[in-house]
Amino acid sequence: MSEIRLHEGELNIMELLWSNKVLAAKDIAKIIKEYIGWEKNTTYTVINRLIDKGAIKREDPGFLCKACISKRTVQNIETKALFNKLYNGSLNTFLTEYLKNQTLTPAEILELERIISEQKL
C-alpha cells in the first residue's frame, strides 16, 4: 500500500472510525456537524475522498464506513513526513533540538534510556 497522507478534516473522520470501528456515513455526518459544523455534503465529500485514497472502505447496505488503515500507520507516515519537512529526515536533529528545550522528569529520562537500550539489542 502506498503511503496515504491525510489532511486535518480527513483525520477527524478517521478518528471517529478508529474509535468506533464501523459507522454509517449518516452517523458520521451527524457527529461531524455537531462538533465541527460541516454540512452533510461536505462530510460525504471527505468520506468519498477517503474511500478513493483507500483509507476507508464502504460496505452496503447502509453506507457503512470502516477504516482500512490503522491510526499507528497514519501516525508513522505523518511523523516521517514531518521529519523530512522540518528536520531533513534526521531523528537525531529533531531529538537534539527538542530535548534542549525540555525539562524532563527522572521518570521520563529513565523511560528514554530504556527505549534506547532496547534499540541497541
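This text follows the structure it describes.
These numbers come from a predicted model, not from an experiment.

Here we look at the overall build of the chain
Step number 1: Within the chain, the regular secondary structure consists of six helices and three strands.
Step number 2: Ordered by position in the sequence, the α and β elements of the chain form the string α-β-α-α-β-β-α-α-α.
Step number 3: Against the globule reference of 14 Å for 121 residues, the chain gives a C-alpha radius of gyration of 19 Å, more extended than a compact globule.
Step number 4: For the C-alpha atoms alone, the extent of the chain along its principal axes is close to 50 × 30 × 25 Å.
Step number 5: As displayed, the chain has an accessible area near 8600 Å², and 53% of this comes from carbon and sulfur atoms.
Step number 6: When the 18 positive and 16 negative side-chain charges of the chain are each reduced to one mean point, those points stand 4 Å apart.

Regarding the nonpolar core
Step number 1: Counting residues in each nonpolar core, the largest one holds 24 residues, and the members touching the most others are Ile-13, Met-14, Ile-28, Ile-47, Leu-50 and Cys-65.
Step number 2: Breaking this core down by element, the ones donating at least two residues are α1 (8–20), α2 (25–35), α3 (40–53) and α4 (71–87).
Step number 3: Here the element with the most residues in this core is α1; it accounts for five residues.
Step number 4: Residues in contact with Cys-65, not counting those within four places in the same chain, are Leu-17, Lys-21, Val-22, Leu-23, Ala-25, Ile-28, Ile-47, Ile-56 and Lys-57.

A closer look at a nonpolar patch on the surface
Step number 1: Together, Leu-91, Leu-95, Tyr-98, Leu-99, Leu-104, Ile-109, Leu-112 and Ile-115 give the surface a local cluster of nonpolar side chains, amounting to about 620 Å² of exposed area.
Step number 2: Contributing elements (two or more residues each) for the nonpolar patch: α5 (91–100) and α6 (106–120).
Step number 3: The element that contributes the greatest number of residues to the nonpolar patch is α5, accounting for four residues.
Step number 4: For Leu-95, the position within the fold is in helix α5.

Brief notes about the sheet that holds strand β3 (residues 64–67)
Step number 1: Spatially, the three strands line up as an open sheet ordered β1-β3-β2, and their pairing is antiparallel. Sheet topology places β1 (22–24) and β2 (56–59) at the edges, where each strand pairs with a single neighbour. Taken over all neighbouring pairs, the strand axes of this sheet differ in orientation by 30° on average, direction set aside.
Step number 2: Relative to β3, β1 runs antiparallel, the two sharing three bridges. Counterpart to Leu-23 in the pairing with β3 is Cys-65.

Focus: the side chain of Thr-43
Step number 1: Relative to the helices and strands, Thr-43 is located in helix α3.
Step number 2: Thr-43 has contacts with Ile-13, Ile-28, Ala-29, Ile-32 and Trp-38, leaving out every residue within four places of it along the chain.

What about the packing of aromatic side chains?
Step number 1: Following the criterion strictly, the structure yields five aromatic pairs and no others.
Step number 2: A network of ring pairs unites the aromatic residues Phe-83, Tyr-87, Phe-94 and Tyr-98 as a single cluster.
Step number 3: The cationic tip of Arg-58 hangs over the ring face of Phe-63; the distance from NZ or CZ to the ring centre is 3.7 Å.

About the criteria used
- Residues numbered from 1 in each chain as written.
- Predicted model: local features only at pLDDT ≥ 70, side-chain atom pairs only at ≥ 80, totals over all residues.
- Heavy atoms only, no water.
- Helix = DSSP H or I, 4+ residues; strand = E, 2+ residues; numbered from the N terminus.
- Rg over C-alpha atoms; globule rule 2.2 N^0.38 Å.
- Areas by Shrake-Rupley, 256 points an atom, 1.4 Å probe, with all protein chains shown as cover.
- Lys, Arg positive; Asp, Glu negative; His and termini not counted.
- Charge placed at Lys NZ, Arg CZ, Asp CG, Glu CD.
- Core = buried A, V, L, I, M, F, W, Y, C linked by side-chain atoms within 4.5 Å.
- Buried < 20%, exposed > 50% of the residue type's maximum accessible area, 1.4 Å probe, protein only.
- Contact = heavy atoms within 4.5 Å.
- Patch = residues over 30% accessible without salt bridge, like charges linked within 9 Å, V, L, I, M, F, W, Y side chains within 5 Å.
- Salt bridge = Lys/Arg side-chain N within 4 Å of Asp/Glu carboxyl O.
- Pairing = 2+ DSSP bridges.
- Axes fitted to C-alpha atoms, helices over the stretch in contact; angles between N-to-C directions.
- Phe/Tyr/Trp six-rings, centres within 6.5 Å; stacked < 30°, edge-to-face > 60°.
- Lys NZ or Arg CZ within 6 Å of the ring centre and 35° of its normal.

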